[in-house]
Amino acid sequence: MEGSFAATSHPLPVQRAARSRFRGARASHRPSGQPDVFLLATPGSGSSWLTKLIERQPGFRCVDDPFCHANASLHTALGATTTETFGGDTTGSLERYFRNLCQSTMPQGGPAPRRPFFRRTTHRTVLRIVRRSESVVSWLMVHANERLGGRSLLLVRHPIAASLTQRLSPHLEMLLQRQHRYLSEAQRREGARIVACGSDLERGVLAWCLYNLRALGSRSPHWNVLSYEQLLLEPERSALYLADCLALPDTARLLKQLGRSRKRPGSGLERQIDGWRERVPATQERQLMGLLELFALGAYRTGDPLPAPDLWLSAPHAAQPLPRHRPGGLSTWTLSVYG
């Protein structure tokens with residue numbers, strides 16, 4: 001009896017593993033000429049969620065965080081060393097690296113058959129770029145559309161909310177050193193103070209500023225910008241905007257997935273957008289938001305959980321005028337932000 005039970009129960013995981021390897025061996029990427037998507041974000045900004053939404057679109061596959069140091073083997077396999085990727089004159093190496101990522105059959109060292117959105121054949125790539133250097137941001141802002149023919153999106157979220165959601169500063173000192181030549185003397189002094197004795201929240205907001213210094217400080221007209229807050233509050237307008245600027249073919253599917261995310265248990269909009277205020281006193285908020293003023297980043301302001309008006313999508317992005325939406329219970333939100 002025991003022998004019979006063992007013979008029938010154990011082969012199942014082995015069979016599943018064999019099927020996964022077989023599916024992976026048959027996976028192929030065949031670029032169709034349609035634009036790939038470059039999603040630039042900071043940790044904790046909701047980029048994993050948005051990447052999954054894009055990956056559900058027909059023909060897409062994902063390359064996740066290609067500039068993470070843990071992907072050193074990936075850099076080597078695709079012809080770019082860590083030095084070339086993160087510093088110095090990167091024009092040639094970055095273009096080669098991105099082209100290889102977008103054209104390679106196995107950009108992450110092999111297909112992932114057990115991923116929920118696995119496809120045997122894909123035609124477009126979404127690259128979720130979170131950890132990156134200033135040189136990578138500068139190059140992408142100028143050349144992502146021009147040289148790679150891609151579509152670019154910058155996803156932003158309130159710096160305090162992002163800092164509380166995910167730790168942004170494990171390598172803050174190294175990040176500060178890389179940005180050194182772009183900083184003023186006052187910014188360097190404040191950065192050094194926070195690295196030496198700042199709180200975890202100060203370190204997180206400083207990291208947010210350094211990550212977005214170039215991306216938000218001097219945005220390229222080719223870059224599209226969307227906030228996490230508007231993605232939650234106005235899914236219809238956001239979906240239409242994403243479908244237009246990223247050339248996504250199935251707007252209905254995108255709207256459906258956004259609607260499911262809003263309705264899932266525990267997804268109260270106020271808590272996701274405004275909940276951090278329960279943990280951060282007003283005096284501490286003013287101190288933290290002073291860092292954005294120091295770095296001349298006007299994307300978010302003290303006392304307002306929503307982004308600045310110039311980062312909020314206005315009516316022309318929608319097929320028809322959408323009603324102004326004011327979530328209940330957040331008395332500090334103003335209608336003027338919604339254009």
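The rules behind the values
- Residues numbered from 1 in each chain as written.
- Predicted model: local features only at pLDDT ≥ 70, side-chain atom pairs only at ≥ 80, totals over all residues.
- Heavy atoms only, no water.
- Helix = DSSP H or I, 4+ residues; strand = E, 2+ residues; numbered from the N terminus.
- Buried < 20%, exposed > 50% of the residue type's maximum accessible area, 1.4 Å probe, protein only.
- Contact = heavy atoms within 4.5 Å.
- Areas by Shrake-Rupley, 256 points an atom, 1.4 Å probe, with all protein chains shown as cover.
- Pairing = 2+ DSSP bridges.
- Axes fitted to C-alpha atoms, helices over the stretch in contact; angles between N-to-C directions.
- Parallel < 35°, antiparallel > 145°, perpendicular 65-115°, else oblique.
- Left-handed = near helix turned anticlockwise from the far one by under 90°.
- Nonpolar A, V, L, I, M, F, W, Y, C, P; charged D, E, K, R; others polar.
- Core = buried A, V, L, I, M, F, W, Y, C linked by side-chain atoms within 4.5 Å.
- Salt bridge = Lys/Arg side-chain N within 4 Å of Asp/Glu carboxyl O.
- Patch = residues over 30% accessible without salt bridge, like charges linked within 9 Å, V, L, I, M, F, W, Y side chains within 5 Å.
- Lys, Arg positive; Asp, Glu negative; His and termini not counted.
- Charge placed at Lys NZ, Arg CZ, Asp CG, Glu CD.
- pLDDT = per-residue confidence, 0-100.

- Per an unreviewed UniProt entry, the chain goes by Sulfotransferase and derives from Truepera radiovictrix.

## Some points on the overall build of the chain
- Broken down by element type, the chain carries 16 helices and seven strands.
- When the 339 residues of the chain are sorted by exposure, 51% land in the buried category.
- Expressed as a percentage of contacts within the chain between residues at least 6 apart in sequence, the contacts between residues at least 24 apart total 79%.
- Accessible area for the chain stands at about 16000 Å²; split by element, carbon and sulfur atoms hold 51% of it.

## Notes on helix 13 (residues 235–245)
- The buried fraction of helix 13 is high, at eight of eleven residues.
- Restricting attention to buried positions, one finds in helix 13 the residues Pro235, Arg237, Ser238, Ala239, Tyr241, Leu242, Ala243 and Cys245.
- Downstream of helix 13 by a residue or two, Ala247 has a phi angle that is positive, lying close to 55°.

## Digging into the pairing of strand 2 (residues 37–40)
- Both faces of strand 2 are covered, namely the face carrying Val37 and Leu39 and the face carrying Phe38 and Leu40.
- Two strands pair when backbone bridges link them, and strand 2 and strand 5 (residues 124–129) are joined in this way by four bridges, in the parallel orientation. Within strand 5, the residue paired with Phe38 across the bridge is Leu127.
- Pairing of strand 2 with strand 6 (residues 151–156), which is carried by four bridges, proceeds in the parallel orientation. Looking at the pairing, Phe38 lines up with Ser152 of strand 6.

## Brief notes about the packing of helix 11 (residues 200–217) against helix 16 (residues 282–294)
- Axis separation between helix 11 and helix 16 bottoms out at 9 Å; the angle between their running directions is 25°. Relative to helix 16, helix 11 is oriented roughly parallel. As helix 11 runs across helix 16, the sense of the crossing is right-handed. Packed against helix 11, whose contacting residues are Leu201, Glu202, Val205, Leu206, Trp208 and Cys209, the element helix 16 presents Gln284, Gln287, Leu288, Leu291 and Leu292 at the interface.
- Split by residue class, the contact of helix 11 with helix 16 holds eight nonpolar, two polar and one charged.

## Notes on the nonpolar core
- Counting 52 residues, the largest nonpolar core has Phe38, Phe98, Leu140, Trp208 and Phe295 as the members making the most contacts within it.
- Counting residues per element, this core draws most heavily on helix 11, which supplies eleven residues.
- Beyond its immediate chain neighbours, meaning those up to four positions away, Phe38 contacts Phe98, Cys102, Leu127, Ile129, Leu140, Ala144, Leu148, Gly150, Arg151, Ser152, Leu153 and Trp223.
- Of all hydrophobic cores here, the second largest spans 30 residues; its members include Ala41, Trp49, Leu153 and Ala239.

## Some words on the side chain of Ser47
- Summarising the element assignment, Ser47 is placed in helix 3 (residues 47–55).
- Ser47 gets classed as buried once you look at its relative accessible area, which sits at 3%.
- Residues within four places of Ser47 in sequence aside, it is in contact with Leu39, Ala41, Arg128, Val130 and Leu155.

## What about the sheet that holds strand 6?
- Strand order across the open sheet formed by five strands is 3-5-2-6-7, with parallel pairing between neighbours. A single partner strand is all that each edge strand has here, and the edge strands are strand 3 (60–64) and strand 7 (224–227). This sheet shows a mean twist of 20° between the axes of neighbouring strands, independent of strand direction.
- Relative to strand 7, strand 6 is paired through four bridges, and the arrangement is parallel. From the neighbouring strand, Val156 faces strand 7, where its bridge partner is Ser227.
- Across the sheet, helix 3 lies against strand 2, strand 3, strand 5 and strand 6, angled at about 180° from strand 5, the strand it touches most.

## As for the pattern of salt bridges
- For the coordinates displayed, the defined rule picks out ten salt bridges.
- Two residues, Arg193 and Glu202, come together in a salt bridge whose shortest N-O distance is 2.9 Å.
- The exposure class of Glu202 is buried, given its relative accessible area of 9%.
- Across the salt bridge formed by Asp250 and Arg253, the nearest N and O atoms sit 3.4 Å from each other.
- Each of Glu95, Arg99 and Arg147 takes part in one network of salt bridges that share partners.

## What about a positive patch on the surface?
- Taken together, the side chains of Lys52, Arg56, Lys256 and Arg260 present a region of like positive charge at the surface.
- Tracing the backbone through its elements, the reader meets Arg260 in helix 14 (residues 251–263).

## Overview of the pairing of strand 5
- With six of six residues buried, strand 5 is to be regarded as a mostly interior element.
- The side-chain alternation of strand 5 yields two buried faces, one formed by Arg124, Val126 and Arg128 and the other by Thr125, Leu127 and Ile129.

## Examining the confidence of the model for the chain
- Across the chain, the average pLDDT comes to 76, with 68% of residues at or above 70.
- Across the chain, the element-wise mean pLDDT spans from 43 in helix 1 (residues 2–9) up to 96 in helix 16.
- Predicted confidence for residues 82–89 stays below pLDDT 50, and this span has 22 contacts to residues more than four positions away or in other chains.
- Between residues 315–339, whose pLDDT stays under 50, and residues either more than four places distant or in other chains, the model counts 42 contacts.

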